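Residues per chain, in single letters:
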Amino acid sequence: MLFRSESEEKFSKAFRSSPNGIVISELETGRYVEVNNSFCRIFGYSKEELLGRTPVELGIFDSFEEREQVLGAVRATGQIRDHEVRLRMRNGQAKTLLVNAEKIELGGRQCLVVVIFDITTRLQTEERLEKTSRQLRALTYRLQSLREEERTHLAREIHDHLGQLLTALSLDLRLIERRAASVADA
């Protein structure tokens, strides 16, 4: 079993070095108590600009109500897992983040530990892949249609050509029959 200071040191190292954004905030007010560098990088704020402020004050959530919708599940179950949410960065750009949060108690206060992962690029890539897939399906359908049109055209050409040949043969046979009949009569 780890001593409390060892455990705290390990948590602190994991918190600081995580590539995912991690924030600890007060549950009721939303005020940031601690943020890691990845969280700062994702949102475009310095640590000093974030600590003591709320996501609503910073415009991360467009409204207090939106934040409350996200917190509803945390209050009900004590946690949320893999919840997609669109949040606004310092530069005004909206990003889609995958949020995991858990309710904890720190110094007698109810807090949240929130871990975020930016999935904006992944979603954009999936969207482009889906668009490309739709375009390929449309192209395949068009290619099949063109093949069918070409087959129909060739079938008509062959039919018309064979029809003309058979008609000519039929006329030639009649001509031969007439000549044969006139030779036989003479």
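Reading guide: rules and limits
In this convention, every chain numbers its residues from 1, walking through the sequence in written order. In keeping with the model being predicted, local features are shown solely for residues with a pLDDT of at least 70 and side-chain atom pairs are shown and tallied solely at 80 or more, while totals for entire chains, interfaces and linings include all residues. In computing side-chain properties, one takes all heavy atoms of the structure into account and sets aside hydrogens as well as water. At least two DSSP bridges between two strands are required for those strands to pair. Helical segments are the DSSP runs of H or I of at least four residues, strand segments are the runs of E of at least two, and each set is numbered from the N terminus. Here the nonpolar core consists of buried residues drawn from Ala, Val, Leu, Ile, Met, Phe, Trp, Tyr and Cys, with membership extended through side-chain atoms lying within 4.5 Å. Each residue is assigned to one of three classes by its accessible area relative to the maximum for its type, calculated with a 1.4 Å probe on protein chains only: buried under 20%, partly exposed between the two thresholds, exposed over 50%. We call two residues in contact whenever any of their non-hydrogen atoms come within 4.5 Å of each other. Only the stretch in contact is used when a helix axis is fitted, and all axes are lines through C-alpha atoms; the angle between N-to-C directions ranges over 0 to 180 degrees. Patches here are clusters of residues that have more than 30% relative accessible area and form no salt bridge, with a 9 Å joining cutoff for like charges and a 5 Å cutoff for nonpolar side chains (Val, Leu, Ile, Met, Phe, Trp, Tyr). Here the accessible surface of atoms and residues is derived via Shrake-Rupley with a 1.4 Å probe, and residues count as covered only by protein chains that are part of the display. In the sections that follow, a salt bridge refers to a side-chain nitrogen of Lys or Arg positioned within 4 Å of a carboxyl oxygen of Asp or Glu.

Caption draft 1: Representation of the pairing of strand β3 (residues 79-88) in the model. Here β3 runs beside strand β4 (residues 94-106); their pairing, made up of 8 bridges, is antiparallel. Each bridged residue has a counterpart across the sheet, and for Q79 the counterpart in β4 is E102. Remark: 5 residues form the turn of the hairpin made by β3 and β4, two consecutive strands paired antiparallel; G92 in that turn has positive phi of roughly 90°.

Caption draft 2: Molecular detail of the nonpolar core. Counting residues in each nonpolar core, the largest one holds 26 residues, and the members touching the most others are Y32, F39, F43, L50, L87, L97 and I116. Of all the secondary-structure elements, those providing two or more residues to this core are β2 (32-35), α2 (37-43), α4 (64-77), β3, β4 and β5 (109-118). Among the elements that line this core, the one with the most residues is α2, at 4 residues. Sequence-distant contacts of Y32, that is, excluding residues within four places in its chain, are made with V23, I24, S25, F39, L50, L51, G52, R53, T54, P55, L58 and I60. Judged by nonpolar contacts, the second largest core, of 5 residues, contains F15, I22, I24 and V113.

Caption draft 3: Focus on the sheet that holds β4. The strand order across the open sheet built from 5 strands is β2-β1-β5-β4-β3, with neighbouring strands paired in antiparallel fashion. Unpaired on one side and paired on the other, β2 and β3 mark the two borders of the sheet. In this sheet, neighbouring strand axes are inclined to one another by 30° on average, regardless of whether the strands run parallel or antiparallel. Here strand β1 (residues 21-26) pairs with β5 via 6 bridges, running antiparallel. In the strand pairing of β5, G21 is matched with I116. Docked against the sheet, α4 engages β1, β3, β4 and β5, running at close to 170° with respect to β3. Lying over the sheet, helix α5 (residues 120-185) contacts β3, β4 and β5, oriented at roughly 140° with respect to β4.

Caption draft 4: The arrangement of a nonpolar patch on the surface in detail. Taken together, the side chains of L154, I158, L162 and L165 define a hydrophobic patch exposed on the protein surface, amounting to about 370 Å² of accessible area. For L154, the location among the structural elements is in helix α5.

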